[in-house]
Amino acid sequence: MPAEHDGNELLRTEGLAKTFGRGKDEVRAVDGVDLHLRRGEVTALVGQSGSGKSTLGRLLLRLADPTAGRVVFGGRDVTAVRGAARRDYWREVQAVFQDPFAAFHQYRRVEATLATALQLMPSETRESGREAMAAALAAVGLDAAETLAKRPHELSGGQRQRVMLARALMLRPRLLIADEATSLLDASVRVTVLNLLADLRDERGMTVLFVTHDLGQAYYLADRIAVMHRGRIVESGPAEQVVAEPEHPYTRSLLADVPKLHRSS
Ligand SMILES: Nc1ncnc2c1ncn2[C@@H]1O[C@H](COP(=O)(O)OP(=O)(O)OP(=O)(O)O)[C@@H](O)[C@H]1O
Ligand SMILES: [Mg+2]
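Attention in this report is confined to the structure presented alongside it. Note that this is a predicted model, so its numbers are computed, not measured.

## Focus: the side chain of Glu 9
Next up, step 1: Examined against the element boundaries, Glu 9 turns out to sit in strand E1 (residues 9-20).
Next up, step 2: Using a relative accessible area of 3% as the deciding quantity, one classes Glu 9 as buried.
Next up, step 3: Only 2.8 Å separates the side chain of Glu 9 from the side chain of Arg 12, close enough to count as a polar contact.

Structure, rendered in C-alpha cells:
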C-alpha cells in the first residue's frame, strides 16, 4: 500500500489529463493536474468558463476515464475503479452539479429520487431512511412534508439544486464535489447553503471541492483556492494568501472582477 504524502490528505491527483477530439480539434480540457485535497477542508476550484473545472470534477468522480495520470483517494489508487468498487467509491464521494434538472428522472417524485441514495447506503442504516430524508431536506432549508411528493417540474431551479444537495448529504460522504451548486440560488439561499457547507466541514469534517467561476464565493467559503486556467492549475494556496498576494496574472485578472470580498467566519 503506497504511503500518503501527508496524513491530512484525502485525495490527490498526479498528472491527471483529459483530452477530447483529435488533430486540430484536440481540446486538452485537463492538462496535467496535481491537485491535493486535505481532510476537513474546503478547496475552491476557480476559473473561467471552459477552463476545465467540470471535466476535472468528472474525472475525480470516475464519471470519465482520464487520458493520463492517476487519482488517489485515502491512499488508494481509484483511477480505474469500476462496477461494485466504483459504487463503493460513490458512497464516499458525492457530487452536486451545475444543472440539477439533468440529474432528476423527469416523472420521479423527490421521495423516489432521495430513495436512490438509500440504495447506496449499507443495509443496516437503511431502516432510518425516511428520517434521513427529512433531516437532509431540513438541512438544506426545505420542508419534507411539502417537498417529498413533488416532481422535478414542480420545483424551482434553486429547490431542485437543494434536493440534489440533500441527496448527496444523506450518504454522509467524506468528499463532496459541488460544481456550481450555488449558481442558481438567489442571494439569501446561497448564503444559507454556503454556511451549511461550512458547518458540514466544521462538524463532520467533510472535505469539499467547491467548483465556481466566482472568486467572491470561493473566498467566502474556502480554506484553500486552486485557480484553473486552460486545463492547468496555475496557482493554489491558502485562500487569504491567494487573494492577498496573487502570483499568477490570471488570478490577478479574476480578482479585478470582484468588487468586495467577505469571509464566512
Ligand atoms: N464531452 C466533451 N467533448 C468534447 N469537449 C468537451 C467535452 N466536455 C468538455 N469539453 C471541452 O473541454 C473544455 C473544458 O470544459 P469544462 O466543462 O470542463 O469547463 P468548465 O471550467 O467547467 O466551464 P464552465 O464554467 O462553463 O462550467 C471546454 O473547451 C469544453 O468545450
Ligand atoms: Mg463547468
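## Some thoughts on the sheet that holds strand E9 (residues 207-212)
Next up, step 1: Taken in spatial order, the six strands make up an open sheet running E7-E8-E9-E4-E10-E11, and their pairing is mixed. A strand with exactly one partner marks an edge of an open sheet, and here the two such strands are strand E7 (93-96) and strand E11 (232-238). The mean inter-strand angle of the sheet, taken between neighbouring strand axes irrespective of direction, is 15°.
Next up, step 2: Helix H2 (residues 83-92) rests against E7 and strand E8 (175-179) of the sheet, and its axis sits at about 70° to E7.

## As for the environment of Arg 252
Next up, step 1: With respect to the helices, strands and loops of the structure, Arg 252 is situated in helix H12 (residues 249-256).
Next up, step 2: Residues Arg 252 and Leu 35, spaced 217 residues apart in sequence, show a C-alpha to C-alpha distance of 21 Å.
Next up, step 3: If we skip the residues at most four places from it in the chain, Arg 252 touches Pro 246 and Glu 247.

## Here's the deal with empty space enclosed by the protein
Next up, step 1: Scanning the model with the defined rule gives one cavity of 30 Å³ or more in all.
Next up, step 2: As a volume, the largest cavity reaches approximately 50 Å³.
Next up, step 3: Along its surface, the largest cavity is lined by Val 96, Gln 161, Arg 162, Leu 165, Ala 181, Leu 185, Val 193 and Leu 197.
Next up, step 4: Sorting elements by how many residues they give to the lining of the largest cavity places helix H8 (residues 157-170) first, with three residues.

Conventions used here
Residues numbered from 1 in each chain as written. Chains lettered and ligands numbered in written order. Predicted model: local features only at pLDDT ≥ 70, side-chain atom pairs only at ≥ 80, totals over all residues. Heavy atoms only, no water. Helix = DSSP H or I, 4+ residues; strand = E, 2+ residues; numbered from the N terminus. Buried < 20%, exposed > 50% of the residue type's maximum accessible area, 1.4 Å probe, protein only. Polar contact = N/O pair within 3.5 Å; in protein donor to acceptor, adjacent residues only side chain to side chain. Pairing = 2+ DSSP bridges. Axes fitted to C-alpha atoms, helices over the stretch in contact; angles between N-to-C directions. Contact = heavy atoms within 4.5 Å. 1 Å grid on protein atoms, 1.4 Å probe; cavity = no way out; pocket = protein on both sides within 12 Å on 5 of 7 lines; lining within 4 Å. Points joined across faces, edges and corners; volume = space filled by probe spheres on them.

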